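Geometric and topological summary
So you can see what is in the structure, the chains are spelled out below.
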Amino acid sequence: MTSSPSPESGTTLRPLRPQDVPGVRELIDADRLPGQPHCVPEKLAAVWQRPVPLVGREMTARPQISVLTDARDRPCGTVAYLSWADARTGLICWIHAHEDRSTLRALIGHALSALAHCPRIEAFVSAPPGALGPGGLPRTRRRATHDALVQTGFTGRCQGCYMHLGLPGEQPPGKVFADVFPCDFPPGHRLIIREDGEPVAEAVVSMGPDRTATLYWLETTPARRRRGLGRKVLGQALALLAEQGAGEVALVLDDAQRPTSQEQAATRLFRSFGFAVVDELWTYQHRRSGPPRPDTDA
């Protein structure tokens, strides 16, 4: 892909260059939610260079990262996208532009043009919180991005909510109810409460950089709910993270738009420990009505 001028005077849309990395990191960090680590060069390089698999298939694709630069060739916006040619599916991984509407429109239009061969394009699909984002678009905090996506033909839906907890500097040791095991994916620890040798409650937590941590999983078997097991395993998990030096914990509660009694109970449990809802996380899909254009990169 070659450089091309954007409709805004003095700006250029072009592929990411190594000298752009500090500016792109700044753009990503500007949209960082509480409890998210800062974007470090190693994380950005991993996304830039690592092929991404398509779930259920053996195909991989390498993300394309573009920047919109100003008259002094400094990044003022960035978009990352990819497509799996055999599946004719496209994905917009991120868009960051300090919520400037004209820059957002230029970046989204650029991605749609590059993915014109894809009948279906998704954006901000569900993923665990990490150094490059919370796993969805925070609709309230990034309203301009939401509006730009909808205005360009995307349909959005709420996929969950992002919750955050600040841990005190010193936390008394929690009671031990669960066995603790290291796990490889995500890299962290699994806590399991057993009764009669059978697991009845489980949590998975992971430490990240900048004293941030993520609660990936909390579950109690249906037959053992309403007995306080979730509270016990969550309390021990938070105590473990505090011992490891975590100052903040984030989690994503799925399906916030259609709460069930179980999800309402989970929300009450997290709130009782001090978690607060930061924002809804949205995901988006774009479907083309006409035949897809040929893949010019094929």
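Residues numbered from 1 in each chain as written. Predicted model: local features only at pLDDT ≥ 70, side-chain atom pairs only at ≥ 80, totals over all residues. Heavy atoms only, no water.

**Here we look at the pattern of salt bridges**
We apply this condition: Criterion for a salt bridge: a side-chain nitrogen of Lys or Arg within 4 Å of a carboxyl oxygen of Asp or Glu. Think of it this way: any DSSP run of H or I at least four residues long counts as a helix, any run of E at least two long counts as a strand, and we number them from the N terminus.
All chains considered together, the criterion is met by 11 salt bridges. Among the ionic pairs, arginine 142 bridges to glutamate 99, the shortest N-O distance being 3.6 Å. In this pair, arginine 142 sits in the loop between strand E9 (137-138) and helix H4 (143-151) while glutamate 99 sits in the loop between strand E7 (89-96) and helix H3 (101-114), placing the two residues 43 residues apart along the sequence. A salt bridge links aspartate 147 to arginine 143; the nearest nitrogen and oxygen atoms lie 3.0 Å apart. Of the two residues, aspartate 147 and arginine 143 are both situated in helix H4; the distance of four residues between them amounts to about one turn of the helix.

**Some words on the nonpolar core**
Filter applied, for reference: Joining through side-chain atoms within 4.5 Å is the link that ties buried Ala, Val, Leu, Ile, Met, Phe, Trp, Tyr and Cys residues into a set, and such a set is a nonpolar core. Each residue is placed in one exposure class: buried if its accessible area under a 1.4 Å probe, protein chains only, is under 20% of its type's maximum, exposed if it is over 50%, and partly exposed if it falls in between. Only heavy atoms enter the contact rule, under which two residues are in contact if any of them lie within 4.5 Å.
If you look at the biggest cluster of nonpolar residues, it comprises 27 residues, and the most contacted ones within it are Leu215, Val249, Phe270 and Phe275. Counting only elements with at least two residues in this core, the list comes to strand E10 (155-166), strand E12 (188-195), strand E13 (198-207), strand E14 (212-220), helix H5 (229-243), strand E15 (248-254) and helix H6 (261-272). If one sorts the elements of this core by residue count, H5 sits on top with seven residues. Here valine 249 is in contact with Met163, His164, Leu165, Leu167, Ala213, Leu215, Leu238, Leu241 and Phe275, once residues within four sequence places are set aside. Ile92, Ala106, Leu137 and Leu149 belong to the second largest nonpolar core, which has 26 residues in total.

**What about the pairing of E14?**
Which entries qualify depends on this criterion: By this definition, two strands are paired if DSSP reports at least two bridges between them. We call a crossover right-handed when, viewed with the strands running away from us, the connection from the first strand over the helix to the second turns clockwise.
Here E13 pairs with E14 via seven bridges, running antiparallel. Its bridge partner being in E14, serine 206 is matched across the sheet by threonine 214. Remark: four residues form the turn of the hairpin made by E13 and E14, two consecutive strands paired antiparallel; aspartate 210 in that turn has positive phi of roughly 60 degrees. Two strands pair when backbone bridges link them, and E14 and E15 are joined in this way by three bridges, in the parallel orientation. Among the inter-strand pairings, threonine 214 is bridged to a residue of E15, identified as alanine 250. Handedness of the β-α-β unit built from E14, H5 and E15 comes out right-handed.

**Some words on the environment of tryptophan 84**
With respect to the secondary-structure elements, tryptophan 84 resides in strand E6 (residues 75-84). Judged by relative accessible area, which is 6%, tryptophan 84 ranks as buried. Counting along the chain gives 22 residues from tryptophan 84 to arginine 62, while the straight-line C-alpha distance between them is 9.0 Å.

**Some details on the pairing of E7**
By the criterion of burial, E7 is predominantly enclosed, with seven of the eight residues buried. In this structure, E6 lies alongside E7, joined through seven bridges in antiparallel fashion. From the neighbouring strand, tryptophan 84 faces E7, where its bridge partner is threonine 89. As judged from the four bridges shared by E7 and strand E8 (residues 120-123), these two strands associate in the parallel manner. By the bridge assignment for E8, leucine 91 is matched with glutamate 122. Where the polypeptide runs from E7 across H3 and back to E8, its parallel neighbour, the crossover connection is right-handed.

**With respect to the environment of isoleucine 92**
If you trace the backbone, isoleucine 92 turns up in strand E7. Spatially, the C-alpha atom of isoleucine 92 lies 8.9 Å from that of leucine 112, the residues being 20 residues apart in sequence. Those residues within four positions of isoleucine 92 in sequence are excluded, and the remaining contacts are Val79, Ala80, Tyr81, Ala111, Leu115, Ile121, Glu122, Ala123, Phe124 and Phe154.

**Comments concerning H5**
In plain terms, the rule: For a helix, the expected span equals 1.5 Å multiplied by the residue count minus one.
Taking 1.5 Å per residue, 15 residues should reach 21 Å; H5 reaches 21 Å between its end C-alpha atoms and fits that length. Following H5 by one or two positions, glycine 245 has its phi on the positive side, about 100 degrees.

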